[in-house]
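Each chain, letter by letter, is given below.
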Amino acid sequence: MARAKSVYVCSECGASALQWFGTCPACGAAGTLSETIAERASGHRYAAPAPAAAPAAESSVGAPALRAWAVASSGVPVPRRA
């Protein structure tokens, strides 16, 4: 049986690290990393990945982001050149 993997999670910011450090690598808080056992993924390691998330609604995309893209003649959005 494989050994359980440890993950060190910061109690201040929630960042995780695979190795213990004296300070959190993300927020720099000292002594906030606590060891937890990483959960194993269910199923086979070569199983199909989870389905992709639904695309964001157009109303949630800002105008500058929309202006950065142009629609090609094929109907596919392509980035505009600077």
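Anyway, here's the lowdown on the structure attached to this text.

**Brief notes about the environment of Tyr 8**
Right, so step 1: For Tyr 8, the position within the fold is in strand E1 (residues 6-10).
Right, so step 2: Counting along the chain gives 24 residues from Tyr 8 to Thr 32, while the straight-line C-alpha distance between them is 9.2 Å.
Right, so step 3: Non-local contacts of Tyr 8, meaning those with residues more than four positions away in its chain, are made with Ala 15, Ser 16, Ala 17, Leu 18, Gln 19, Trp 20, Leu 33, Ser 34 and Glu 35.

**Some remarks on the sheet that holds strand E3 (residues 33-37)**
Each strand in a sheet pairs with another by means of backbone hydrogen bonds, the pair being arranged parallel or else antiparallel.
Right, so step 1: Ordered by their spatial adjacency, three strands build an open sheet running E2-E1-E3, and the pairing between neighbours is antiparallel. Whereas interior strands pair on both sides, the edge strands pair on one side only; in this sheet they are strand E2 (16-17) and E3.

**Quick notes on the side chain of Thr 32**
Right, so step 1: Relative to the helices and strands, Thr 32 resides in the loop between E2 and E3.
Right, so step 2: Accessibility expressed as a relative area gives 11% for Thr 32, which makes it buried.
Right, so step 3: Here Ala 29 takes part through its backbone oxygen, which lies 3.4 Å from a polar atom of the side chain of Thr 32.
Right, so step 4: Ignoring sequence-local partners within four residues, the contact set of Thr 32 consists of Val 9, Cys 10, Ser 11, Glu 12 and Cys 24.

**Thoughts on the pairing of E1**
Regular strands show a simple pattern: their side chains alternate between the two faces of the sheet.
Right, so step 1: Of the pairings in the sheet, the one linking E1 to E3 comprises five bridges and is antiparallel in character. Looking at the pairing, Tyr 8 lines up with Glu 35 of E3.
Right, so step 2: Note that E1 and E2 share two bridges and pair antiparallel. Counterpart to Tyr 8 in the pairing with E2 is Ala 17.
Right, so step 3: In textbook terms, the turn of a hairpin is the stretch between consecutive antiparallel strands, and for E1 and E2 this stretch comprises five residues, one of which, Gly 14, has a positive phi near 85°.

**Topic: the environment of Ser 34**
Right, so step 1: Looking at where Ser 34 falls in the secondary structure, it is placed in strand E3.
Right, so step 2: What makes Ser 34 partly exposed here is its relative accessible area of 37%.
Right, so step 3: Sequence separation between Ser 34 and Val 7 is 27 residues; the distance between their C-alpha atoms is 8.2 Å.
Right, so step 4: Excluding anything up to four places from it in sequence, Ser 34 contacts Val 7, Tyr 8 and Val 9.

What counts and what doesn't
Residues numbered from 1 in each chain as written. Predicted model: local features only at pLDDT ≥ 70, side-chain atom pairs only at ≥ 80, totals over all residues. Heavy atoms only, no water. Helix = DSSP H or I, 4+ residues; strand = E, 2+ residues; numbered from the N terminus. Contact = heavy atoms within 4.5 Å. Pairing = 2+ DSSP bridges. Buried < 20%, exposed > 50% of the residue type's maximum accessible area, 1.4 Å probe, protein only. Polar contact = N/O pair within 3.5 Å; in protein donor to acceptor, adjacent residues only side chain to side chain.

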